[in-house]
Amino acid sequence: MTKVIIVGAGVGGLTLALALHERGIVSQIYEAHDRVKTVGAGINLQAYAVKVLHQLGIAEELSNNAICPEESAYISAAGQTLFKEPLGHHGGSDFPQYSIHRYTLQKILCDAVQKRLGQHAVQFSTRVNAFSQDENGVTVQFEGGDTTDRADVLVGCDGVHSIICHQMYPDNSAVRLPGITMWRGVARNIPPFSRHRVLRAGRLESGKLIAYPIKDPDDDTAILWNWVAELHTGKKAKVEKTSVVAINTLPEVFNMLQLGELDGEQLIQNSSHALCLPMADRKPLPNWSIGKVTLLGDAAHPMYPVGSNGAGQAIIDAATLAECLQQQSVEEALQLYNTLRRPAVSKLVEGDRLGGPDVVLNEMHRIVGSLHVPEGMLPGLQTTFHEKISRYRKSVGILIT
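Residues numbered from 1 in each chain as written. Predicted model: local features only at pLDDT ≥ 70, side-chain atom pairs only at ≥ 80, totals over all residues. Heavy atoms only, no water.

Q: Help me get a handle on the sheet that holds strand β11 (residues 153-156), residues and values and all.
A: Taken in spatial order, the five strands make up an open sheet running β7-β2-β1-β11-β20, and their pairing is parallel. Strands at the two margins of the open sheet, each flanked by one partner only, are β7 (122-123) and β20 (293-295). Looking at chain direction, strand β1 (residues 3-7) and β11 are connected through four bridges and run parallel. Each residue of the ladder has a partner; that of V4, found in β11, is V153. (Pairing = 2+ DSSP bridges. Helix = DSSP H or I, 4+ residues; strand = E, 2+ residues; numbered from the N terminus.)

Below, the structure is given as structure tokens:
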């Protein structure tokens with residue numbers, strides 16, 4: 001029976017374990033942290049990823065702990081909603097889109113893994129720091145001792161600074177830092193208006209803000225407003241872990257942004273702190289798979305978080321890899337997985353680097369600036385914005401709704 005070692009208990013690694021289990025394939029997850037932590041902020045799961053999770057049998061848990069946004073609204077510098085896009089069911093999909101706290105999603109996935117595969121299926125506080133492979137399998141070495149484990153397949157799901165990726169590609173694993181700083185936070189004590197909307201305003205050059213409601217991971221009857229603020233500062237930040245910063249350290253420009261009923265100052269000042277990190281991606285790798293070792297999610301393809309695709313693409317990676325391993329011998333399966341996923345995701349990485357859905361915000365700025373648009377002009381502008389985002393989606397070869 002095939003055994004798979006998974007390095008990393010993030011969204012991708014946990015989804016992979018569930019998908020392998022559905023196909024009768026044994027897996028063991030090793031996670032460097034000591035538990036699933038209540039850190040981070042919200043994420044959006046688009047319908048294409050939700051389909052996979054529903055098929056893995058966690059639809060009820062997701063529905064009970066997430067909010068289903070109905071539309072994405074693009075707001076001008078004058079505070080005017082100039083373009084709307086339906087999401088999930090409302091956009092014609094058979095599946096909803098979910099807005100959910102990352103911790104909540106990971107906890108749902110981890111609970112499912114431990115219930116189905118056993119409590120020891122996820123080994124926390126266990127850092128893999130190297131691997132070796134031969135014709136019969138792969139051996140992983142753990143930090144702090146001589147202990148090892150061995151399997152038929154090794155999958156690096158260990159994030160943007162992946163140890164597995166670095167050993168596979170020591171000269172090509174560094175991430176690209178374009179000088180864009182991102183702050184994430186959650187705001188409390190804001191009325192739950194626009195509960196079913198994702199709000200977007202501004203642009204990277206002068207400050208961009210995205211906000212949407214999520215359920216509180218500690219109290220699913222309470223609503224938080226998740227926000228992401230981005231600014232092209234031009235500073236080439238060093239690769240560091242996400243840092244926690246005080247709210248008063250954020251640039252003043254975000255306080256000026258209007259999000260319809262909300263404004264930037266209201267969101268930021270109702271948050272206890274912010275998470276600060278540089279935006280990053282990586283030049284697409286020549287191959288995700290070498291021998292019996294492969295990569296998944298951010299370890300394979302870190303991308304800008306501009307189109308709600310990071311976690312979603314990791315979920316699709318997991319489903320595809322599990323299917324390949326069920327149907328092919330190990331090395332054939334890993335190369336088939338590479339062939340099916342790498343070209344498409346590489347196009348998405350490069351498309352998001354050019355702005356992704358932000359093409360609408362950039363077009364708004366170009367056409368109307370800070371002017372208030374008369375009602376009679378709105379239909380023509382909305383057609384223009386729709387055509388712009390449709391061209392982006394066609395160019396990356398994926399329907400993002």
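Q: Residue-level account of the environment of A41, with values.
A: Along the chain, A41 turns up in the loop between β2 (26-30) and β3 (42-45). What makes A41 buried here is its relative accessible area of 6%. Considering only alpha carbons, one finds A41 and G202, 161 residues apart in sequence, at a separation of 21 Å. With near-sequence residues (within four places) excluded, A41 lies in contact with I100, H101, R102, R184, V186 and N226. (Buried < 20%, exposed > 50% of the residue type's maximum accessible area, 1.4 Å probe, protein only. Contact = heavy atoms within 4.5 Å.)

Q: Explain the pattern of salt bridges to me, using residue names and the numbers behind them.
A: A complete count under the given rule lists 20 salt bridges for this structure. One salt bridge in this structure joins R188 and D216, with 2.8 Å as the shortest N-O distance. With R188 in the loop between β12 (180-187) and β13 (197-203) and D216 in strand β14 (residues 207-216), this residue pair connects regions lying 28 residues apart in the sequence. For D216, a relative accessible area of 7% gives the class buried. As a salt-bridge pair, R353 and D281 come within 2.9 Å of each other at their nearest N and O atoms. Of this pair, R353 sits in helix α8 (residues 330-353) while D281 sits in the loop between β19 (274-278) and β20, placing them 72 residues apart in sequence. Overall, the relative accessible area of 0% leaves D281 in the buried class. (Salt bridge = Lys/Arg side-chain N within 4 Å of Asp/Glu carboxyl O.)

Q: Tell me about the pairing of β11, and name the residues and values.
A: Burial along β11 is two-sided: the face carrying V153 and V155 and the face carrying L154 and G156 are both buried. In the sheet, β11 pairs with β20 via three bridges, with the strands oriented parallel. Bridge pairing in β20 links G156 to L295.

Q: Could you give an account of the side chain of N309, naming the residues involved and the relevant values?
A: Inspection of the secondary structure assignment puts N309 in the loop between β20 and α7 (310-327). Assessed through its relative accessible area of 2%, N309 is described here as buried. A distance of 3.3 Å separates the side chain of N309 from the side chain of Q46, its partner in a polar contact. (Polar contact = N/O pair within 3.5 Å; in protein donor to acceptor, adjacent residues only side chain to side chain.)

Function-wise, these values are silent; they only describe arrangement.
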